[in-house]
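# Fold and contact review
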Amino acid sequence: MNYITELRSLVGTRPLVLPGAAVIVLDRASRLLLLERADTGGWGLPGGFMDPGESLEETARREVKEETGLDITDLRLINVFSGQDQFYRYPNGDQVFNVTVVYEAQTDEGSLQLDPSEARAANFFPIDQVPADLIAPEVPILEHYRNRRVKGST
């Protein structure tokens, strides 16, 4: 039984505060990788919750590898996102307040190998052409990232 499943068995669907990491994976054309999530049906960044004893950097690398098959080496910190904007209610009723550390990384090696239990589809998108059906916690993250790029700092 994994950590979050164990917590859920104790607290049900009540809100949990959970740390995790997400990665803005860019291709050579500076398009970002988004996954159509299997659990929610919406689009989001590769990422997920931290396992006990794991660093946030390890979480970011592990989640990208599990979800996409890509190996990420050079992570650059973008920001930490928390608060009401990071609340999410999953289709099964589980509630979470995410504390998400967001990194940026380039990829040019390997091909995507999706885990169907994690993602239905994947695609690289220009930052100004992301799908309308992003999961709610991703919206402020991608707005922040878009604003950074417009200002010329990444």
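Just so it is clear, the structure is predicted and the values come from calculations on it, not from any experiment. (Residues numbered from 1 in each chain as written. Predicted model: local features only at pLDDT ≥ 70, side-chain atom pairs only at ≥ 80, totals over all residues. Heavy atoms only, no water.)

## A look at the overall build of the protein
Condition: Here a helix means four or more residues in a row that DSSP labels H or I, a strand means two or more in a row labelled E, and each is numbered from the N terminus. In this description the radius of gyration comes from C-alpha coordinates, and the expected globular size is given by 2.2 Å times residues to the power 0.38. Each residue is placed in one exposure class: buried if its accessible area under a 1.4 Å probe, protein chains only, is under 20% of its type's maximum, exposed if it is over 50%, and partly exposed if it falls in between. Between two residues, a contact is recorded if the distance between any of their heavy atoms is within 4.5 Å. To be clear on the numbers: accessible area is Shrake-Rupley with a 1.4 Å probe, and residue cover counts the displayed protein chains and nothing else. Neither His nor the chain termini are counted; the positive set is Lys and Arg, and the negative set is Asp and Glu. Where a charge lies is defined by one atom per residue type, namely NZ (Lys), CZ (Arg), CG (Asp) and CD (Glu).
Looking only at helices and strands, the protein features 3 helices and 8 strands. Listed by position from the N terminus, the elements making up the protein come as α-β-β-β-β-α-β-β-β-β-α. A compact globule built from 154 residues should have a C-alpha radius of gyration of about 15 Å, and the protein, at 15 Å, falls within 12% of that. Its C-alpha atoms give the protein principal-axis dimensions of about 45 × 30 × 30 Å. Looking at the protein as a whole, 45% of its 154 residues qualify as buried. A separation of at least 24 residues holds for 68% of the contacts in the protein among residues at least 6 apart in sequence. Element-wise, carbon and sulfur atoms account for 49% of the exposed surface of the protein, whose accessible area totals about 8,100 Å². Averaging the locations of the 15 positively and 24 negatively charged side chains of the protein gives two centres separated by 5 Å.

## Quick notes on the nonpolar core
The line we're drawing: What is meant by a nonpolar core is a set of buried Ala, Val, Leu, Ile, Met, Phe, Trp, Tyr and Cys residues, joined one to another through side-chain atoms within 4.5 Å.
Core analysis: the biggest nonpolar cluster contains 17 residues, and Ile 24, Leu 32, Leu 34, Leu 45, Val 102, Val 130 and Leu 142 have the highest contact counts within it. Sequence-distant contacts of Leu 32, defined by excluding residues within four places in its chain, comprise Ile 24, Val 25, Leu 26, Leu 45, Asn 123, Phe 124, Phe 125, Ile 127, Val 130 and Leu 142. Core analysis: the next-biggest nonpolar cluster, separate from the first, contains 15 residues, Leu 35, Ile 72, Val 101 and Tyr 103 among them.

## Observations concerning the packing of aromatic side chains
The test is simple: Each aromatic pair joins two rings of Phe, Tyr and Trp (for Trp, the six-membered one) with centres within 6.5 Å, and gets the label stacked for planes under 30 degrees apart, edge-to-face for over 60, and tilted for any other angle.
Evaluation of the coordinates by the stated rule reveals 3 aromatic pairs. The interplanar angle of 55° and the centroid separation of 4.9 Å between the aromatic rings of Phe 87 and Phe 97 together place this pair among those described as tilted. Of the two residues, Phe 87 is situated in strand β6 (residues 87-89) and Phe 97 in strand β7 (residues 95-106); the sequence distance between them amounts to 10 residues.

## Some details on the pairing of strand β1 (residues 16-26)
Going by this rule: Pairing between strands is defined by DSSP: at least two bridges between the two strands are required.
Burial analysis of β1 places 9 of its 11 residues in the buried class, which makes it a mostly covered element. Of the pairings in the sheet, the one linking β1 to β7 comprises 11 bridges and is parallel in character. Counted as the bridge partner of Leu 18 is Asn 98 from β7.

## Regarding the side chain of Thr 100
Turning to its location among the elements, Thr 100 is positioned in strand β7. Ignoring sequence-local partners within four residues, the contact set of Thr 100 consists of Gly 20, Ala 21, Ala 22, Asn 79, Val 80, Phe 81, Gln 86 and Ile 141.

Shape is all these values report; function is a separate question.
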